[in-house]
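Remarks on the overall topology
Residue strings, one per chain:
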Amino acid sequence: MEKMQQVVGRARAAFNSGRCRSLEFRMQQLKALERMVQEKEKEILAAIKADLHKCGHNAYSHEILGVLGELALAMEKLPSWAAPQPVKKNLLTMRDEAYINPEPLGVVLIIGAWNYPFVLVMQPLIGAIAAGNAVVVKPSEISENTARLMADLLPQYLDRELYPVVTGGVPETTELLTQRFDHILYTGNSTVGKIVMAAAAKHLTPVTLELGGKSPCYIDKDCDLAVACRRITWGKYMNCGQTCIAPDYILCEPSIQSKVVENIKATLQEFYGEDVKSSPDYERIVNKRHFRRILGLLEGQKIAHGGETDEASCFIAPTILTDVSPESKVMEEEIFGPVLPILTVKSVDEAIEFINGREKPLALYVFSNNKKLIKRVISETSSGGVTGNDVIMHFFLSTLPFGGVGNSGMGAYHGKHSFETFSHRRACLIKDLKMEGTNKLRYPPGSQKKVDW
Amino acid sequence: NPYAGLVSHLRATWLSGKTRPMEYRVAQLEALGRFLDEKKQDILEATALDMGKPSFEAYFTEILLCKNELNDTLNNLCHWMKDEHVDKNLVTQLDSAFIRKDPYGVVLIIAPWNYPIHLFLVPLIGAIAAGNCVVVKPSETTKNTERLVAEMLTCYLDNDCFAVVTAGVEETTRLLENKFDYIFFTGTPSVGRIVMTAAAKHLTPVTLELGGKNPCYVSDTCDVQNVAQRVAWGRFFNVGQTCIAPDYVLCSVEMQEKLMPALREAITEFFGSNPRESPDFGRIVGDKQFRRIRALLCSGRVAIGGQTDEKERYIAPTVLADVLPSDPAMQEEIFGPILPIVVVASVDEAIDFINARPRPLAIYAFSCDSKVVNQVLERTSSGGFCGNDTLMHVTLTSLPFGGIGNSGLGKYHGKFTFDTFTHHRGCLHRNMGLEALNALRYPPYSQQKLGLLTATFEIKRKGMCTLL
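About the thresholds
- Residues numbered from 1 in each chain as written.
- Chains lettered and ligands numbered in written order.
- Predicted model: local features only at pLDDT ≥ 70, side-chain atom pairs only at ≥ 80, totals over all residues.
- Heavy atoms only, no water.
- Helix = DSSP H or I, 4+ residues; strand = E, 2+ residues; numbered from the N terminus.
- Buried < 20%, exposed > 50% of the residue type's maximum accessible area, 1.4 Å probe, protein only.
- Contact = heavy atoms within 4.5 Å.
- Areas by Shrake-Rupley, 256 points an atom, 1.4 Å probe, with all protein chains shown as cover.
- Lys, Arg positive; Asp, Glu negative; His and termini not counted.
- Charge placed at Lys NZ, Arg CZ, Asp CG, Glu CD.
- Pairing = 2+ DSSP bridges.
- Right-handed = clockwise from strand over helix to strand, strands pointing away.
- UniProt positions renumbered as here; feature names shortened; annotations may be inferred.

Considerations on the overall build of chain B
Tallying secondary structure elements over chain B gives 15 helices and 18 strands in all. Out of the 468 residues in chain B, the part that is buried amounts to 62%. A sequence separation of at least 24 residues applies to 71% of the contacts in chain B between residues at least 6 apart. When the accessible surface of chain B is split by element, carbon and sulfur atoms take 54% of a total near 16900 Å². The centroid of the 47 positive side-chain charges in chain B is displaced by 7 Å from the centroid of its 52 negative side-chain charges.

Remarks on the pairing of strand E7 (residues 216-219) of chain A
Residues and elements named next belong to chain A. By the alternation rule, side chains of E7 split into Pro216 and Tyr218 and Cys217 and Ile219, which are all buried. Here E7 pairs with strand E8 (residues 249-252) via four bridges, running parallel. Across the sheet, residue Pro216 finds its bridge partner in E8, namely Tyr249. Note that the unit made of E7, helix H9 (residues 225-237) and E8 has a crossover that is right-handed. Relative to strand E14 (residues 363-367), E7 runs parallel, the two being bridged by three bridges. Counterpart to Tyr218 in the pairing with E14 is Val366.

Here's the deal with the UniProt feature "active site" (unreviewed entry) in chain A
Residues and elements named next belong to chain A. In the numbering used here, UniProt assigns the "active site" (unreviewed entry) feature to Glu210 and Cys244. Judged by maximum C-alpha separation, these annotated positions cover 35 residues in sequence but sit close together in space, the widest gap being only 9.0 Å. Along the chain, Glu210 turns up in strand E6 (residues 207-210). Classification of Glu210 by relative accessible area gives buried; the value is 4%. If near-sequence neighbours (up to four positions away) are discounted, Glu210 is found in contact with Tyr186, Thr187, Gly188, Phe402, Gly403, Ser408, Gly411, Ala412 and Tyr413. Mapped onto the elements of the fold, Cys244 is located in the loop between H9 and E8.

Listed below in structure tokens is the structure:
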């Protein structure tokens, strides 16, 4: 394994050569990435399947479809995104040129996560390339098949010096973080997020941290429960609950708790059949460590549905817990698994208070027929993003910035927001060397007359 | 933790929602305006006492520019606060998709001494406009201004939501142990690192407005007199204690020769034959800084000025010729009234010189040939850039003001300040009906479903880009 210093040094030299500045070059690289996704679709799906037991259709719609969309968007919009933006001038600058020039930052680092191992590297990578940077890619070592595949494929399609892939675990990542980057985008948990930011601080490197938290889901009693529960079931159990914006827990009034359970059960049957374990559409927990962690969260809980597990295959059945206490272990950490606790609250006021008493989550969900109530929950809480009357979906609209706040992260990306995250917006004022007359007002010697004018 | 009580008090007010309504924010901003109007004389006096700031300069930067930002914000706040609706895709056509402008919560603003009112007040305007509670920590170096802010600002603003903390290095370190929802820091890169490291413990986002050595390239084709005036103005404003001041000049040996008399003439025009007696030339802020800057004088040769007086902390407007990259004046940000001239053979050499060094807050290029100005712009990187003038790019509130690399991260001024202190929250409000449309995404999966899903989700290329 080559030393990190050499890899990053080479990327920097390649960036300094200026070859990734031109829009033609960036387009070329984006086009090559598109070819890679199209030509190697089978291999990509196979790697994701090996890592997460994810069926092809699921993997395609979660990881490939979105990437192709971002590529198409970036290639179409790049000329307009990269163009200088003129700004409003004032009286003194009327005759001057004033604009914001989007420029690359330099060498950026993207650290991926294991739960959506392909898209969580590719989406930032697209923005970073479009913005004209060199990019060091560090996929998660936990999703090792996808990591290995990316290390194989990217050099085959992209400029090898500008976009190196670095593989490895904690020691390699720690070494990588000692190098100087011009931006770091990290997807993962808050604990490591703090380590990344502290390392970045040494070099004054700006960071985008896509972290997590417990995304609450409030179900109002005035809503179509069947529809709400179907949508929640989809978002909760996709990828076996290993989704940063999965609805982590439900808040609802006691009177509807059992109906919620019934509806989710019915939906689970619809989605995965009688025997979930044999459904090709249900994934597995990524490894034994997480399997045991999630199992531990079930201790002492009232299991209303599910609870079956099989360590050998890292299988945990879709599980619902009822009458969960706020102090229990399952409410202390992000679950990141197919376990859905339901906590009862007396009213929407209590729900809002409950949510605000905890760290700001990455996503917030609220289901209600009452538009005012939804608006109220949104305006009286804080979260990275929100979907009302559904879950997950705000992620798929690239015109919305995707990111966290507080413990769930800082910065945002997707679509144009990715391009802006990886760009420096340089303020430019170009004046004339003539017209010195108007400048006289600002020069000393000062006088009250000048000030009054 | 001596500040825990203060921070939790502000956080409690924050949670009560007091700072959210637009009317509240407008009232606080208008109070800030009254502070500037009613305490104008006190501000001019305090800054004169602290660093001999000429009242013309103090009025311009501490009052006028601040009022501009205030009015710009008040004029546009309603619009900035509104939910920003975004373009939707096929799947979300019937939904409501918008970006909400949420305040962060309790934010901290740490300001430096060189423009002691401006550099906390302009961020404060944005922080209030965005609906946050704010702790302001003015610089302890400018004692009179610090006292003014601590005693008087609190009379204008709601003390449940806004506090002023006076603190030296030790106390500021303790202050930074608390959790804030945003930290805005203006100062040196080394302290910037300390602030960001402290922020990392709480995952607090930051804006760091730092500094560096801002190069000023002067080409051979230029109107020497105008260049000299604009450069001298930018260098000697506030006795050189300006983060965006032209730090050093790069030019050919011929231009150095031409510039010298022009600079001498400009300095005389500005400050008279004895700048020490000019009411328009200030003093260095403190003894430590005075000694630091004086030590830089042994670089190259003193062509203009060079006189100093330790008791008064006076350093004459000085130009150093034939300065070498290894000289003391080229090792650190000068932040004083000394302008070194480093000779380069060509614009290419100037660009290489600039690129070999940390990226500065500003780059200046002077030439009658716009191609030369553009070359410097395109082949370098900096926070901001001004062609054929100095400092002026930061007076336009529609341009973002901030650094890159060692000169900082983040930006502000105008709407950018509001955006800095705002969490842009992506919101999708969907229809509870039309569930049939969602069927495509649910298991059990099938090739047919996938085909249909692809068709609805996909963004197709509209056609070949003309670039290829």
